[in-house]
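# Analysis of the macromolecular model
Residue-level listing of the chains:
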Amino acid sequence: MNRAMPDAQPPAELFGTLFAAVQERGLFADSKSFADATPKRAIEAIMADFASLRDDDDALRRFVSANFDLPPTIAPAPSGQPAQPLRDYIRATWASLARAPEPATPGGSALAVGHRHIVPGGRFRELYYWDSYFTLLGLLRDGERVLAEGIVDAMTELIETYGYVPNGTRSYYLGRSQPPLYHRMVALLDDRRPAVAARRLATMKREYGWWMRGAGTLAPGGETRRVVMLADGSVLNRYWDPSETPRDESWREDRATARAGDRPPGDVWRELRAGAESGWDFSSRWLVSADLASIRTTRIVPIDLNALLFGLETALGNSGEGDARDFAARAERRRVAMTRHLWNEAAGFFCDFDLDSGALRTAPTAAAFAPLFTGAATKAQADATARLTRDRFLAPGGLRTSLLRSGQQWDSPNGWAPLHWIAVSGLQKYGHGALAAEIARRWITTVDLAYRSTGLVHEKYDIETQSVGEGGE
């Protein structure tokens, strides 16, 4: 975490007891509201006055209102019959989600973003990492090349500043990233200008170094940050976060989760943070039981993360640079390790590896498509995955995220657009075009049905009933 930057300290650290009081007392229905607030005057003066404030909810509410600019209240989105077809609605939405370059807010949580970019919308007012890859696909399809370039330039500067792309452009997201897709964004733009290409290649290497930090210090059975070395010397990666505190944007919820379990709170909070880094926040992939307090993300070696890092190593191996051969060798070693430790030969799909049991986690999930997406799978592995898809993952409205109903949002019955894109792209790559087209048809039908009834596009869908998804955080 870059503590040299004055804007890099999260609100929970800047405002300490004040932040905890506001979040614990539930002054705002959404914990993210106060995390996104901006102080109206010097932090030292605010904290000095808070020290003598009467211990009363109404007094605290007035104090916050007087001393902070709060994010605007999100008006309920109009719902009902849409005025235009789905395709036209999506094309028209770019303008409302585009944001101008933004400076860091003094005393606030917003990080600087030096280029025009797209935000998800609603309570998500900032640039996010893995969302942006899928955003780029749409922008380029709609001819928004300049805006797509701005997003990649912003990602480049974030890696140059922090060594990685934060989960999102807020100080409370520092310390964790998201699934590493920057190299795929660079490939989408395919910019051949020498200076631009050289800068982005250097940035890809820097991000790779961040994910692999400490790998050279490991012995068989060792772990450090996001890298593990298994007993046979195989080097693979996991999700991680160095902090053992509640997430600022989910402070009250994280404290409640820790209280519901019997582990040290710091252990639970680190695992929740690592789960947020995965993008699958949250899923049975990371849980021992249905209880979120059982989360243990850092004890899992995820197939999708390692497939994406294989993709990054492959891209660096194809760069033509002097170290390309070394990166190509790293990619091949990872591919071998993935087959050895993350491939379920008996069932015919890729899955996660449990560090504590030293065995595969055999519940299938849509993460199994990531090796097809990045080209890490063999043809036989892809064919087996296609069979599993037809037999167990294909639902009336698209592709199942998992086969378990855990109550978490990244599990059945919810389906998610990014996972559909990864699966469809991966299956097409290995010659399963008809299956890929069927998945795409079912998914698009689901999205269109929900759009026709609500007038909106949603983040997740119930792909069993072809309606809007629910559940989880």
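Everything below is about the structure printed above this text.
Summary of the structure given here.

### A few points about the packing of aromatic side chains
With the rule as written, the count across this model stands at 25 aromatic pairs. Between tyrosine 133 and phenylalanine 373 the ring centres are 6.3 Å apart and the planes differ by 70°, which places this aromatic pair in the edge-to-face class. Taken together, the positions of tyrosine 133 in helix H6 (residues 129-141) and phenylalanine 373 in helix H14 (residues 370-374) put the pair 240 residues apart, joining distant regions of the chain. The class for tyrosine 133 is buried, based on a relative accessible area of 2%.

### Structural notes on the packing of helix H7 (residues 145-162) against helix H9 (residues 194-211)
It is the contact of H7 with H9, at a shortest axis distance of 9 Å, that shows an interaxial angle of 50°. As judged from the angle between their axes, H7 and H9 are oblique. As H7 packs across H9, the resulting crossing turns out to be left-handed. Along the contact surface, H7 presents Glu149, Val152, Asp153, Thr156, Glu157, Ile159, Glu160 and Thr161, while H9 presents Arg199, Arg200, Thr203, Arg206 and Glu207. When grouped by side-chain class, the residues that make up the contact of H7 with H9 number two nonpolar, three polar and eight charged.

### Some thoughts on unusual backbone geometry
A cis amide bond, omega 10°, links aspartate 281 with the succeeding residue phenylalanine 282. Summarising the element assignment, phenylalanine 282 is placed in the loop between helix H11 (265-277) and strand E8 (300-301). Despite not being glycine, arginine 225 has its phi angle at roughly 50°, a positive value. For arginine 225, the location among the structural elements is in the loop between strand E5 (223-224) and strand E6 (227-229).

### Some remarks on the pattern of salt bridges
Under the counting rule described, the total for this entry stands at 45 salt bridges. The closest approach of N and O atoms between aspartate 56 and arginine 54, which form a salt bridge, is 3.7 Å. With a relative accessible area of 26%, aspartate 56 lands in the partly exposed category. Note that arginine 176 is salt-bridged to glutamate 249, the shortest N-O span being 2.7 Å. With a gap of 73 residues between them, arginine 176 in the loop between H7 and helix H8 (182-189) and glutamate 249 in the loop between strand E7 (235-237) and helix H10 (251-259) connect regions that are remote in the sequence. With respect to burial, arginine 176 and glutamate 249 carry one shared label: buried. When salt bridges that share partners are traced, they join Glu223, Arg238, Arg296, Arg299, Asp354, Asp356 and Arg361 into one network.

### Remarks on the sheet that holds strand E17 (residues 467-468)
Spatial strand order, E15-E16-E17: three strands in an open sheet with antiparallel pairing. Sheet topology places strand E15 (414-416) and E17 at the edges, where each strand pairs with a single neighbour. Sheet analysis places E15 next to strand E16 (residues 460-462), joined by three bridges and oriented antiparallel. Paired with tryptophan 416 across the two strands is lysine 460, which belongs to E16. Packing against the sheet, helix H17 (residues 433-454) makes contact with E15, E16 and E17, and its axis sits at approximately 95° to E16.

### Overview of H8
For an α-helix the count is 3.6 residues per turn, leaving residues at separations of three or four pointing the same way. All of the buried residues along H8 are Tyr182, His183, Met185, Val186 and Leu189. Taken around the axis of H8, the buried residues stretch over an arc of 160°, which confines them to a single face. Residues of H8 that are buried make contact with H6, H7, H9 and helix H12 (303-317). Following H8 by one or two positions, aspartate 190 has its phi on the positive side, about 50°.

### Regarding the side chain of threonine 365
Position of threonine 365 among the secondary structure elements: in the loop between strand E12 (359-360) and H14. Setting aside its immediate chain neighbours within four residues, threonine 365 contacts Trp280, Arg285, Phe393, Thr401 and Ser402.

Calculation rules
Residues numbered from 1 in each chain as written. Predicted model: local features only at pLDDT ≥ 70, side-chain atom pairs only at ≥ 80, totals over all residues. Heavy atoms only, no water. Phe/Tyr/Trp six-rings, centres within 6.5 Å; stacked < 30°, edge-to-face > 60°. Helix = DSSP H or I, 4+ residues; strand = E, 2+ residues; numbered from the N terminus. Buried < 20%, exposed > 50% of the residue type's maximum accessible area, 1.4 Å probe, protein only. Axes fitted to C-alpha atoms, helices over the stretch in contact; angles between N-to-C directions. Parallel < 35°, antiparallel > 145°, perpendicular 65-115°, else oblique. Left-handed = near helix turned anticlockwise from the far one by under 90°. Contact = heavy atoms within 4.5 Å. Nonpolar A, V, L, I, M, F, W, Y, C, P; charged D, E, K, R; others polar. Salt bridge = Lys/Arg side-chain N within 4 Å of Asp/Glu carboxyl O. Pairing = 2+ DSSP bridges. Arc of directions from axis to C-beta.

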